Amino acid sequence: MKKSLLPFTIFLTLFLISCTKEEPKIVKEPSEDILFFDDFEKGDLSQTENNVSYGSSTYSSVSNKVKKDGEYSLEFYYKGGLQGEDAFSEQRISYPNTGELWIKYDLYIPNNYIHRKENSASNNKFLAVYKSDYRHPGFQVNWSLSPNNTGGSNLTLHRYRNGTEQPSISPSGGLGTNFITEDDRGKWIHIMARVKAPSSENATDGVMQLWKNDVLVCDETALNMYGGIDENFMNELYLMGWSNSGYLEDTIFYIDNLSLNYSAF
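As the structure is a computational prediction, the values presented were derived from the model and not from experiment.

S.K.: I tried to follow the overall build of the protein chain on my own but got confused; where do I start?
M.R.: Within the protein chain one finds one helix and 15 strands. A fraction of 69% describes how many contacts in the protein chain between residues 6 or more apart in sequence connect residues 24 or more apart. Of the roughly 13,600 Å² of accessible surface on the protein chain, 51% is carried by carbon and sulfur atoms.

S.K.: What is the right way to look at the pairing of strand 13 (residues 215–223) in this model?
M.R.: For a regular strand, the rule is simple: side chains alternate between the two faces of the sheet. Inspection of the sheet shows strand 12 (residues 206–212) paired to strand 13 by six bridges, in the antiparallel sense. Bridge assignment links Lys 212 to a residue of strand 13, and that residue is Val 215. The antiparallel pairing of strand 12 with strand 13 creates a hairpin that spans two residues between the two strands, and Asn 213 there sits at a positive phi of about 50 degrees.

S.K.: Looking at this model, I keep getting lost on the sheet that holds strand 2 (residues 53–58). Mind explaining?
M.R.: With respect to topology, seven strands assemble into an open sheet ordered 2-5-14-7-8-9-10, the strand pairing being antiparallel. Looking at strand neighbours, the two that pair on one side only are strand 2 and strand 10 (164–165), the edges of this open sheet. Where strand 9 (residues 153–161) meets strand 10, two bridges bridge the pair, whose relative direction is antiparallel. Looking across to strand 10, one finds that Arg 161 is bridged to Thr 164.

S.K.: Sorry, what's going on with unusual backbone geometry here?
M.R.: The general pattern is negative phi for most residues beyond glycine and trans for most peptide bonds. In this chain, Ser 132 is followed by Asp 133 through a cis amide linkage whose omega measures 15 degrees. Residue placement: Asp 133 occurs in the loop between strand 7 (124–130) and strand 8 (140–147). Unlike most non-glycine residues, Asn 51 shows phi in positive territory, near 65 degrees. In this fold, Asn 51 is placed in the loop between strand 1 (36–38) and strand 2. Its identity as a non-glycine residue notwithstanding, Asn 178 has a phi of 55 degrees, on the positive side. For Asn 178, a relative accessible area of 38% puts it in the partly exposed group.

S.K.: Hey, could you run me through the pairing of strand 6 (residues 100–109) in this one?
M.R.: With respect to burial, strand 6 is a largely interior element, nine of its 10 residues being buried. In the sheet, strand 6 pairs with strand 11 (residues 187–196) via 10 bridges, with the strands oriented antiparallel. Directly across from Leu 107, in strand 11, lies its bridge partner Ile 189. Bridge analysis of strand 6 against strand 15 (residues 251–261) gives six bridges, and the strand direction is antiparallel. When the bridges of strand 15 are listed, Lys 104 appears paired with Ser 259.

S.K.: Whenever I open this one, the pattern of salt bridges confuses me. Can you help?
M.R.: Charged atoms that come close allow side chains of opposite charge to pair. If you walk through the whole model with that rule in mind, you get nine salt bridges. Salt-bridge contacts for Lys 131 lead to Glu 231; the nearest nitrogen and oxygen are separated by 3.3 Å. Of this pair, Lys 131 sits in the loop between strand 7 and strand 8 while Glu 231 sits in the loop between strand 13 and strand 14 (234–243), placing them 100 residues apart in sequence. Judged by relative accessible area, which is 25%, Glu 231 ranks as partly exposed. When salt bridges that share partners are traced, they join Glu 90, Arg 92 and Glu 236 into one network.

S.K.: Please clarify how the side chain of Asn 261 should be interpreted in this entry.
M.R.: Take Asn 261: it is sitting in strand 15. Beyond its immediate chain neighbours, meaning those up to four positions away, Asn 261 contacts Asp 33, Ile 34, Leu 35, Glu 100, Leu 101 and Trp 102.

Reading guide: rules and limits
- Residues numbered from 1 in each chain as written.
- Predicted model: local features only at pLDDT ≥ 70, side-chain atom pairs only at ≥ 80, totals over all residues.
- Heavy atoms only, no water.
- Helix = DSSP H or I, 4+ residues; strand = E, 2+ residues; numbered from the N terminus.
- Contact = heavy atoms within 4.5 Å.
- Areas by Shrake-Rupley, 256 points an atom, 1.4 Å probe, with all protein chains shown as cover.
- Pairing = 2+ DSSP bridges.
- Buried < 20%, exposed > 50% of the residue type's maximum accessible area, 1.4 Å probe, protein only.
- Salt bridge = Lys/Arg side-chain N within 4 Å of Asp/Glu carboxyl O.

Nothing here speaks to function; it is geometry throughout.
Structure, rendered in structure tokens:
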């Protein structure tokens, strides 16, 4: 008698389904030696770890509207305005004194992101690392965004030396051009940054490196950006910040899975 193929057919169908079924996404918890991690799942900014804590919030708050993983993320709200009007959204974080800091997070670029060009300053703060107080540097560096004339943004570097602001520069080798483009709108991008203070006043070994989606887009390892006597370290940062270009419409960014460390992740 001819054997039925039904059991084999059922087995094969289940096997193919199991092979094509999307595996659930597993978010890896940071290792114990990471200085600070926040996925914002507490629903607020109460997370503290290894003497790292949140400082002042300017139009930034934990939200459940858009998130990378879990239920919450950190929202940055920039109010829309007419041409010539600025906007502001910023989150400060303090941490113990260090000569080197690594930062990584996921950043959501809004669907309506347009970096407009103003008649005066059009640069927008992106990530600042410094010795408190920010108003009286010390060591201070930041990455900013400048318009690329097609609605996107190029990356620029700003730094102080002995308390005096130095001319802004673009990442060498053409890196950082078109850092944010129309292809990034409505998507999450992964950011990792490294800042290292120079070893002495005359040393040119200060470091500012930044990766977007694991691609190096800023690779400066020979910067003279000495903070000054008893000032050559960092203990505070802020995410996002002042927008000189402003935005025509309300423009909202989100950050998720924020990590800080003293060495590479």
